[in-house]
2 protein chains.
Amino acid sequence: MKTVSENTCFGGVQGVYTHTSKSCACDMTFGLFLPEEATYGPVPVLWYLSGLTCTHENAMVKAGAQGWAAEQGIALIFPDTSPRGEDVADDEAYDLGKGAGFYVNATQDPWKRHFQMWDYLAEELPALVADNFALDMERQAITGHSMGGHGALTLAMSLPGRFVSVSAFAPIAHPTASDWGRKQFAAYLGADDSTWTPHDSTLLMRDRGFDGPVLIDQGADDQFFDLLKPESLAGAMAARRQDGTFRMQKGYDHSYFFVSTFMEDHVGFHAEALHE
Amino acid sequence: MKTVSENTCFGGVQGVYTHTSKSCACDMTFGLFLPEEATYGPVPVLWYLSGLTCTHENAMVKAGAQGWAAEQGIALIFPDTSPRGEDVADDEAYDLGKGAGFYVNATQDPWKRHFQMWDYLAEELPALVADNFALDMERQAITGHSMGGHGALTLAMSLPGRFVSVSAFAPIAHPTASDWGRKQFAAYLGADDSTWTPHDSTLLMRDRGFDGPVLIDQGADDQFFDLLKPESLAGAMAARRQDGTFRMQKGYDHSYFFVSTFMEDHVGFHAEALHE
C-alpha cells in the first residue's frame with residue numbers, strides 16, 4: 001500500500017492510498033478519513049460508496065462528511081467505483097465500464113477480468129484497511145449516493161452481521177426494472193436475469209430486509225427520479241415493516257448539494273448505531 | 001444576467017450565474033448561495049474570494065460553507081478569480097493570467113484590457129447582485145483563501161465602511177516581498193513598485209488597519225508558508241493593536257481540507273458582526 005497524500009482535516013487525517021488489488025487485477029485508490037480518536041485506539045467505520053462517474057475523490061472533497069465524522073469519532077472510507085487503468089475494459093457511455101462498476105462481480109467478457117467490485121468491497125478492501133489502520137471492524141456502517149446507495153444497500157442486506165446500520169442518498173433502488181441496472185447487469189452478469197436479483201435493493205428488501213436501522217433520503221426534484229425508482233424501495237420497506245425511515249426531501253435534486261445538506265443527519269444516524 | 005444552474009442546498013438555493021462584465025470586458029461567472037431567509041427579505045452578505053487556479057466553483061463545492069451560512073441566514077458570493085475567454089491574455093504559468101487576477105486593475109499590456117478585477121469586485125459585481133437578489137448591502141463581510149485572502153484583506157482595508165468584518169484563510173499576506181506578488185504586480189502594474197503598495201495587506205495593516213474585527217487562520221504545515229509571509233501580517237496586526245485574532249493551526253496545510261475545517265468558525269465570526 002502506498003500513501004498518495006495525507007492532509008490534516010478537522011483534527012484528523014484525510015489520506016489517499018493506492019494498492020494492488022487482487023480482486024480487480026489492477027491498482028486501486030481509496031480515501032480514508034481517520035478522526036483524532038484513532039491515534040488512541042481503533043474507531044468505528046462508515047463506508048461511503050460513490051455514484052456513476054465518480055472516483056474515490058468526489059465525496060471526499062464535496063460531501064462535507066469529515067467534520068461530522070470527526071465530531072462523532074468515526075472513520076470514513078471512500079472507495080473507487082470501478083477498476084482503473086489502461087488495460088481495463090471501458091465503454092464510451094458514462095454508465096458502463098470505468099466509473100460504473102455497479103458493485104457486482106462481472107462474469108462476462110470483456111468485463112470479468114477486472115470488474116470484481118463486490119469481492120473488492122466485501123472482502124479485499126476491508127481486510128486491507130483492518131491491517132493498516134486503527135479501525136474497529138466489529139463496528140461498521142455503510143452509506144452511499146445513487147449507484148453507491150445501491151451498493152451500500154445490497155452489501156448491507158447480503159452480508160448479515162457485517163454492518164450495524166445502512167443509509168443511502170437517492171439510491172438506484174430497483175435496478176432490475178430500470179435502464180440504470182438492466183443495461184449494466186446484462187453486460188456484467190449476462191442475459192440470465194436470475195443472476196441480477198441479488199443486486200436489487202427492492203428485491204432484497206422484499207426477500208430479507210436488514211437487521212438494523214435504515215435511512216433513505218431522496219430529493220423530490222431529482223432529475224433521475226424515474227431511473228432510481230425510490231417508490232419501489234419505499235413500498236418494500238413499508239410492506240416488510242423494516243426498521244427505518246424514508247424521507248422525500250422537497251426541492252432537492254441529485255447533486256452533491258443534496259448529499260452535503262443531509263450528511264450531518266446520516267453520520268449522526270450511523271453514529272448512534274456504531275456507538276451503541 | 002443568465003442563470004447557469006440553481007440547486008436546492010441546506011434549505012436555500014446555490015445558484016451559478018453569468019453576465020457580461022463591463023470592467024473585465026468579457027463574460028464572467030459567479031456562484032451565489034441564498035439562505036431560505038432570503039425568500040422573506042434581504043439577508044446579509046459574505047463574500048468569498050478564491051485562490052490561484054480557482055474559478056467560482058472551487059469554494060462553492062469544496063469548502064462546506066453553505067451549511068453554516070444557512071444556519072446564520074447569510075448569503076455567500078463566490079466570484080471568479082480572473083477574466084475568462086479565448087481573447088483574454090494568459091500565461092503558461094499557473095500564477096499569472098487566467099485564474100490569477102490578484103484582485104488588481106492591470107495597467108500594463110497585454111493584461112489591462114480584461115484584468116480589472118479590483119473594479120469588478122469593488123463596484124460592478126456588488127451593483128449587479130444588489131439589483132438582482134434579496135441582499136442587504138448595508139451588511140457585508142468578506143473572506144478568502146490564499147490569493148483570495150489577499151483580495152479580501154486589501155478590499156476591506158481600502159474601502160472603509162464597506163465591510164463590517166474581514167477574515168482570511170492562509171492569505172498571501174505580504175506580496176510586495178514575495179514571489180507570489182512581485183512577479184504578478186510587475187506584470188499587471190508595471191515596474192514602479194509604488195503602485196504595488198495599495199495591494200499589500202501587511203503594508204495596509206501598518207498604514208491604516210481595519211475598522212472592525214479581523215480573523216486570520218494559517219496552517220503551520222502550509223507548503224507555501226514562505227510565499228505567504230503570515231509572520232509579516234501577524235506582526236503588523238499586533239503592532240497596530242488591530243482588533244482581531246491570528247491563529248496558527250498546528251498540522252494544517254494549504255488545502256481545502258484546512259479551509260473546510262475552519263469554515264464554521266469564519267462564518268460564525270462574520271455572522272456575529274453582520275447580525276449586530
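Each value, and the rule that gives it
Each residue is numbered by its place in its chain's sequence as written, counting from 1. Here every chain gets a letter starting at A, and every ligand a number starting at 1, in the order they are written. Under the rules for a predicted model, residues below a pLDDT of 70 receive no local features and side-chain atom pairs below 80 are neither given nor counted, while totals for whole chains, interfaces and linings still include all residues. The side-chain numbers reported here are obtained from all heavy atoms of the structure, hydrogens and water having been left aside. Axis geometry follows a simple rule: fit a line to the C-alpha atoms, using only the stretch in contact for helices, then measure angles between N-to-C directions, giving values from 0 to 180 degrees. Each helix corresponds to a stretch of at least 4 residues labelled H or I by DSSP, and each strand to a stretch of at least 2 residues labelled E; elements are numbered beginning at the N terminus. Roughly parallel refers to an angle under 35 degrees, roughly antiparallel to one over 145, roughly perpendicular to one between 65 and 115, and oblique to any angle outside these ranges. We call a crossing left-handed when the near helix sits turned anticlockwise from the far one by less than a right angle, and right-handed when that turn is clockwise. It only takes one pair of heavy atoms within 4.5 Å for two residues to be counted as in contact. Gly falls in the polar group here, along with every residue not listed as nonpolar (Ala, Val, Leu, Ile, Met, Phe, Trp, Tyr, Cys, Pro) or charged (Asp, Glu, Lys, Arg). In superposing the copies, a least-squares fit is computed on C-alpha atoms, taking residues whose pLDDT is at least 70 in both. In the analysis that follows, any N or O atom pair within 3.5 Å is treated as a polar contact, provided that within protein one partner can donate a hydrogen and the other can accept it, and provided that, for residues neighboring in sequence, both atoms belong to side chains. Only protein chains enter the calculation, and the probe is 1.4 Å; a residue is then buried if its accessible area is under 20% of its type maximum, exposed if over 50%, and partly exposed in between. The angle between axes fitted to the seven-residue stretch ending at a residue and the seven-residue stretch beginning at it gives the bend at that residue. Note that the arc is defined by the directions from the helix axis to the C-beta atoms. By disulfide we mean two sulfur atoms from cysteines, separated by a distance within 2.5 Å. A pair of strands counts as paired when DSSP detects no fewer than two bridges linking them. Planes of paired rings set the category: under 30 degrees apart is stacked, over 60 is edge-to-face and the rest tilted, where pairs are Phe, Tyr or Trp rings (Trp by its six-membered ring) whose centres lie within 6.5 Å.

An unreviewed UniProt entry annotates chain A as S-formylglutathione hydrolase originating from Antarctobacter heliothermus.

Chemist: Can you help me understand the packing of helix H2 (residues 65-72) of chain B against helix H9 (residues 256-274) of chain B in this one?
Modeler: Each pair of packed helices gets described by two things: the angle between the helix axes and the distance between those axes. All names here are of chain B. Running from amino to carboxyl end, H2 crosses H9 at an angle of 30 degrees, the nearest separation of the two axes being 9 Å. By the angle between their axes, H2 is roughly parallel relative to H9. For H2 against H9, the interelement crossing comes out right-handed. Packed against H2, whose contacting residues are Ala65, Trp68, Ala69 and Gln72, the element H9 presents Met263, Glu264, Val267, Gly268 and Ala271 at the interface. Split into classes, the residues belonging to the contact of H2 with H9 amount to 6 nonpolar, 2 polar and 1 charged.

Chemist: Explain the relation of the copies chain B and chain A here, please?
Modeler: One copy of the chain maps onto the second through a rotation about an axis and a displacement along it. Of the two same-sequence chains, chain B is brought onto chain A (RMSD 0.0 Å, axial shift 0.0 Å) by a rotation of 180 degrees. Within this description, the copies of the chain are treated as partners about a two-fold rotation axis. Here 100% of the contact residues of chain B are again contact residues in chain A; the copies associate through an equivalent surface.

Chemist: What's the story with the side chain of B:Asn105 in this structure? I'm lost.
Modeler: Residue and element names in this part refer to chain B. Structurally, the position occupied by Asn105 is in the loop between strand E5 (75-79) and helix H3 (117-132). Polar contacts involving the side chain of Asn105 include one to the main-chain amide nitrogen of Trp118, which spans 3.4 Å. At a separation of 3.0 Å, a polar atom in the side chain of Asn105 contacts the side chain of Asp119. Residues within four places of Asn105 in sequence aside, it is in contact with Phe115, Gln116, Met117, Trp118, Asp119 and Leu189.

Chemist: Sorry if this is basic, but what is going on with the environment of A:Gly12 here?
Modeler: All names here are of chain A. Following the sequence through the fold, Gly12 ends up in strand E2 (residues 12-21). With a relative accessible area of 4%, Gly12 lands in the buried category. For the pair Gly12 and Arg162, spaced 150 residues apart in the sequence, the C-alpha separation amounts to 25 Å. Non-local contacts of Gly12, meaning those with residues more than four positions away in its chain, are made with Asn7, Phe33, Leu34, Pro35 and Glu36.

Chemist: Hey, could you run me through H3(B) in this one?
Modeler: An α-helix turns once per 3.6 residues; consequently, residues spaced three or four apart project the same way. All names here are of chain B. Remark: the principal bend of H3, roughly 35 degrees, maps to Glu124, with a proline, Pro126, within the next four residues. Looking at H3, one finds that the buried residues are Met117, Trp118, Tyr120, Leu121, Ala122, Glu124, Leu125, Pro126, Leu128 and Val129. In this structure, the buried side of H3 is in contact with strand E2 (12-21), strand E3 (26-34), strand E4 (43-49), E5, strand E6 (135-144) and helix H4 (147-158).

Chemist: Sorry if this is basic, but what is going on with helix H8 (residues 230-239) of chain B here?
Modeler: All names here are of chain B. All buried positions along H8 are accounted for by Pro230, Ser232, Leu233, Ala236 and Met237. Down the axis of H8, the sector holding all buried residues measures 160 degrees, keeping them to one side. Facing away from the buried surface of H8 by more than 90 degrees, the exposed residues are Ala238 and Ala239. Of the surrounding secondary structure, the elements contacted by the buried residues of H8 are H4, helix H6 (201-207), strand E8 (214-219), helix H7 (225-228) and strand E9 (244-249). One or two steps after H8, the chain reaches Arg241, where phi turns positive at roughly 55 degrees.

Chemist: In this structure, what is going on with the state of the cysteines? I would like to understand it.
Modeler: Linking two cysteines covalently via their sulfur atoms produces the bond known as a disulfide. As enumerated under the stated definition, the model contains 0 disulfides over all chains in all. B:Cys9 supplies the cysteine sulfur nearest to A:Cys54, a cysteine that is in no disulfide, at a spacing of 17 Å. Under the relative-accessibility criterion, A:Cys54 is labelled buried at 6%.

Chemist: How should I be thinking about the pairing of strand E3 (residues 26-34) of chain A in this particular structure?
Modeler: Where a strand is regular, its side chains alternate between the two sheet faces. Residues and elements named next belong to chain A. Within E3, 8 of the 9 residues are buried, which leaves the element mostly enclosed by the surrounding structure. The pairing of E2 with E3 spans 9 bridges and is classified as antiparallel. Within the sheet, the bridge partner assigned to Val13 lies in E3 and is Leu34. Between E2 and E3, which follow one another and run antiparallel, lie 4 residues, and Ala25 among them has a positive phi close to 50 degrees. Looking at chain direction, E3 and strand E5 (residues 75-79) are connected through 4 bridges and run antiparallel. Bridged to Phe33 within E5 is Leu76.

Chemist: When you look at the packing of aromatic side chains in this model, what are you seeing that I'm missing?
Modeler: Here the distance between the centres and the angle between the planes together describe a pair of aromatic rings. Residue and element names in this part refer to chain A. Enumeration according to the criterion identifies 29 aromatic pairs over all chains in this entry. When the centroid spacing of 5.5 Å and the interplanar angle of 20 degrees are considered together, the rings of Phe115 and Tyr188 count as stacked. Here Phe115 is found in the loop between E5 and helix H3 (117-132), whereas its partner Tyr188 is found in helix H5 (residues 182-189), with 73 residues between them in sequence. Residue classification places Phe115 among the buried positions, given a relative accessible area of 1%. Put simply, the rings of Tyr48, Phe78, Phe169, Tyr252, Phe258 and Phe262 touch in pairs and so form one group of aromatic residues.

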